[in-house]
Amino acid sequence: DVKVTQSSRYLVKRTGEKVFLECVQDMDHENMFWYRQDPGLGLRLIYFSYDVKMKEKGDIPEGYSVSREKKERFSLILESASTNQTSMYLCASSPRQGANNQPQHFGDGTRLSIL
Amino acid sequence: AQKITQTQPGMFVQEKEAVTLDCTYDTSDPSYGLFWYKQPSSGEMIFLIYQGSYDQQNATEGRYSLNFQKARKSANLVISASQLGDSAMYFCAMREGDTDKLIFGTGTRLQVFP
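A.B. asks: Sorry if this is basic, but what is going on with the overall build of chain A here?
C.D. replies: Looking only at helices and strands, chain A features zero helices and 11 strands. Traced from its N-terminal end to its C-terminal end, chain A shows the element sequence β-β-β-β-β-β-β-β-β-β-β. Taking 2.2 N^0.38 as the reference for a compact globule, 115 residues should give roughly 13 Å; the C-alpha atoms of chain A span a radius of gyration of 13 Å, in line with that estimate. Summarising its shape, the C-alpha atoms of chain A cover approximately 40 × 30 × 25 Å along the three principal directions. Relative to its full complement of 115 residues, chain A shows a buried share of 45%. Long-range pairs, those at least 24 residues apart, make up 56% of the contacts in chain A between residues at least 6 apart in sequence. When the accessible surface of chain A is totalled, it reaches about 5600 Å², and 47% of it is carbon and sulfur. Within chain A, one finds 16 positive and 15 negative side-chain charges whose respective centroids are separated by 4 Å.

Given below as structure tokens:
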């Protein structure tokens, strides 16, 4: 079974801090994704990576950056955390397109609170 | 315009009854895929079922089936014989063309009561 592991289930940080959310997958997937989930808004894509050192902005990249130095690891960085970044963050991975019915596999999520 | 629309913020169903969760989508690409995920209160997203735009048959996975009506652009999830453990958020999502990205709906919270 695919395993996507997020480093923290709950995290509390202060405004202005630099925050790192880590995600590791063990299935050699090319694609990795970071989403944020807010009530009534569903999941919104922040960033997407389709290969090591390759990234693509999603729908809401402002205030975030990402790093993918190794295939199995995808980090989300809040450069200067703000209270409006309090949210649930979900990481996912999937094979590259070609296996059309392959779903994205998700981690357990990180509930981040910025005080 | 919304690409994926889930119009039911919340649904109630009695145990052992069937329930339908609605999902409509909007795309001009002839090649697309539709996914349903379940999110229990613990937070993890669990993949349930997939329907491809060229699939002739409606997808089924155990108690889950997808009522795919291409002309209406709807892909409703049907859960038969509901169980208390089915209480969760349910998300519909779409992949268009050759992208690997998914677009999610806003979700439906299902509550199953005894």
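This is not the end of the story, as more comes after the structure.
A.B. asks: Explanation requested: empty space enclosed by the protein in the structure shown.
C.D. replies: If a probe the size of a water molecule is rolled over the atoms, the empty space left behind becomes visible. On inspection of all chains with the given rule, the structure shows one cavity of 30 Å³ or more. The calculated volume of the largest cavity comes to roughly 90 Å³.

A.B. asks: Is there a simple way to think about the interface of chain A and chain B in this case?
C.D. replies: It is common to give the size of an interface as the accessible area that goes away when the parts come together. Counting residues at the interface gives 26 residues for chain A and 21 residues for chain B. In terms of surface lost to chain B, no three residues of chain A exceed Leu43, Gln97 and Phe106 of chain A, which account for 27% of the buried area on that side. Our count for the contact surface shared by chain A and chain B stands at one salt bridge. Ionic pairing is found between Glu56 of chain A and Lys101 of chain B, a salt bridge with its closest N-O pair at 2.9 Å. Our count for the chain A to chain B interface comes out at six residue pairs in polar contact (both at pLDDT 80 or more). When contributions to the side of chain A that touches chain B are tallied by element, the ones reaching two or more residues are β4 (31–38), β5 (42–51) and β9 (87–94) of chain A. Of the residues belonging to the side of chain A that touches chain B, the class tally is 11 nonpolar, 10 polar and five charged.

A.B. asks: Can you help me understand the packing of aromatic side chains in this one?
C.D. replies: Each aromatic ring pair is described using two quantities: the centre-to-centre distance and the angle formed by the ring planes. Throughout the structure, instances matching the rule amount to 14 aromatic pairs over all chains. The interplanar angle of 80° and the centroid separation of 6.2 Å between the aromatic rings of Phe106 of chain A and Phe104 of chain B together place this pair among those described as edge-to-face. Residue Phe106 of chain A is found in strand β10 (residues 105–106), and its partner Phe104 of chain B is found in strand β11 (residues 103–104); the two belong to separate chains. Take Phe106 of chain A and Phe104 of chain B: they sit in the same class, and that class is buried. Taken together, the aromatic side chains of Phe33, Tyr35, Phe48, Tyr50 and Phe106 of chain A together with Phe35, Tyr37, Phe47, Tyr50, Phe91 and Phe104 of chain B make up a single cluster linked through ring pairs.

A.B. asks: It is not clear to me how the state of the cysteines should be interpreted in this structure. Could you clarify?
C.D. replies: Two cysteines, two sulfur atoms, one covalent bond between them: this is a disulfide. Residues and elements named next belong to chain A. All chains considered together, the criterion is met by two disulfides over all chains. Between Cys23 and Cys91 runs a disulfide, and the two sulfur atoms are separated by 1.9 Å. On the sign convention where negative is left-handed, the bridge of Cys23 and Cys91, at about -80° about the S-S bond, is left-handed. On the criterion of sequence distance, the pair formed by Cys23 in strand β3 (residues 19–25) and Cys91 in strand β9 is long-range, its members being 68 residues apart.

Definitions and limits used
- Residues numbered from 1 in each chain as written.
- Chains lettered and ligands numbered in written order.
- Predicted model: local features only at pLDDT ≥ 70, side-chain atom pairs only at ≥ 80, totals over all residues.
- Heavy atoms only, no water.
- Helix = DSSP H or I, 4+ residues; strand = E, 2+ residues; numbered from the N terminus.
- Rg over C-alpha atoms; globule rule 2.2 N^0.38 Å.
- Buried < 20%, exposed > 50% of the residue type's maximum accessible area, 1.4 Å probe, protein only.
- Contact = heavy atoms within 4.5 Å.
- Areas by Shrake-Rupley, 256 points an atom, 1.4 Å probe, with all protein chains shown as cover.
- Lys, Arg positive; Asp, Glu negative; His and termini not counted.
- Charge placed at Lys NZ, Arg CZ, Asp CG, Glu CD.
- 1 Å grid on protein atoms, 1.4 Å probe; cavity = no way out; pocket = protein on both sides within 12 Å on 5 of 7 lines; lining within 4 Å.
- Points joined across faces, edges and corners; volume = space filled by probe spheres on them.
- Buried area = accessible area lost by both parts, 1.4 Å probe.
- Salt bridge = Lys/Arg side-chain N within 4 Å of Asp/Glu carboxyl O.
- Polar contact = N/O pair within 3.5 Å; in protein donor to acceptor, adjacent residues only side chain to side chain.
- Nonpolar A, V, L, I, M, F, W, Y, C, P; charged D, E, K, R; others polar.
- Phe/Tyr/Trp six-rings, centres within 6.5 Å; stacked < 30°, edge-to-face > 60°.
- Disulfide = S-S within 2.5 Å.

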